[in-house]
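Here is how the chains run, residue by residue.
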Amino acid sequence: MLSITHTENFTGALISGDYWDLDEINQAIYTVIGDENKYYDWEGSRKRLLGVLFEIKNASKANRHVKFVGNGLNKETMKHNEIVGSEKNIYYSVEVLWPELIFAVVALNDFIRLYSKKHTYSALDVHVTAIRKFQSIVGEVLQSVMSKEQHDRFMNLLSENQTNVQEYAIQFIDVLNLSYINSTKEQREKNLGMIALKLAVQDNDYHVFRNQVLKSANETKSDIHDLSIMKDYPEKIEW
């Protein structure tokens, strides 16, 4: 079963599951976001989602973390059923920065809307339901660091499709990621709820930042999603 938990220092989320758990969410998101330039105004958001999927895909290939988890099988059961098998399953896991993962969950709403326009009974589509489950798990984990009012508002925004990441200034995610990394554990735990709402609502801070990005894009005749932030991530993150 897919599992998402806080890392020790609240720096990110630990996404865990067996191969099929991780492959299911990978395939679902790849299918729903479509090919490159299919939804051009969402190309920046698609790139950020691909970054998260890259980490999950590598985890499923045992390129991140591997652990063994009990599967309920024991010697007595094997003896009774005359079978021989392992008492543990292999689970894979990977860390993703919280602002990055929250944005991914928010952005998926847009892609579900776009995907649903061309698919009958989209609410029951196997890929959409897998993504909704993924969103709900993230929402459940965030409940521990959000007030009831914050959590209710965040979940309502997701469930009622009130988010919008069209032509999103994705460089804002880097700003939040880097600020979050440089915070203390206590600050992360305290502020994560506000960060989640900031990503879902797009407050004044975001719009001021986006206007600056748009100005730079116009000056260089670039698309908004092609500009990169001139700051480097640390080589090692204390998860």
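Residues numbered from 1 in each chain as written. Predicted model: local features only at pLDDT ≥ 70, side-chain atom pairs only at ≥ 80, totals over all residues. Heavy atoms only, no water.

Chemist: An account of the side chain of Ser-16 is requested, with residue identities and associated values reported.
Modeler: On the secondary structure map, Ser-16 appears in strand β2 (residues 12–17). The residues contacting Ser-16, other than those within four sequence positions of it, are Met-1, Leu-2, Ser-3, Leu-22, Tyr-92 and Ser-93. (Helix = DSSP H or I, 4+ residues; strand = E, 2+ residues; numbered from the N terminus. Contact = heavy atoms within 4.5 Å.)

Chemist: Can you break down the packing of aromatic side chains residue by residue, with the values?
Modeler: For the coordinates displayed, the defined rule picks out six aromatic pairs. Ring plane angle 70 degrees and centroid distance 5.3 Å describe the contact between Phe-172 and Tyr-206, whose orientation is recorded as edge-to-face. Pair noted here: Phe-172 is in helix α7 (residues 171–181) and Tyr-206 is in helix α9 (residues 204–220), with a separation of 34 residues, a long-range link. For the pair formed by Phe-172 and Tyr-206, the shared burial category is buried. These aromatic residues form a ring-pair network of at least three members: Phe-103, Tyr-168, Phe-172, Tyr-206 and Phe-209. (Phe/Tyr/Trp six-rings, centres within 6.5 Å; stacked < 30°, edge-to-face > 60°. Buried < 20%, exposed > 50% of the residue type's maximum accessible area, 1.4 Å probe, protein only.)

Chemist: Break down the environment of Val-66 for me, with residues and values.
Modeler: The topology assignment puts Val-66 in strand β3 (residues 65–70). When the C-alpha positions of Val-66 and Ala-13 are compared, they lie 16 Å apart, and in sequence the two are 53 residues distant. Ignoring anything within four residues of it in the chain, the contact list for Val-66 reads Ile-90, Tyr-91 and Tyr-92.

Chemist: Help me get a handle on helix α8 (residues 185–201), residues and values and all.
Modeler: Think of an α-helix as turning once every 3.6 residues; residues three or four places apart then point the same way. For α8, which comprises 17 residues, the first-to-last C-alpha distance of 24 Å matches the rise-based estimate of 24 Å (1.5 Å per residue) to within 8%. Of all bends in α8, the biggest is about 45 degrees, found at Asn-191. By the burial criterion, the buried members of α8 are Arg-188, Leu-192, Gly-193, Ile-195, Ala-196, Leu-197, Lys-198, Leu-199 and Ala-200. In the segment just after α8, Gln-202 is the residue with positive phi, at about 65 degrees. (Expected span 1.5 Å × (residues − 1). Bend = angle between axes of the 7 residues up to and from the residue.)

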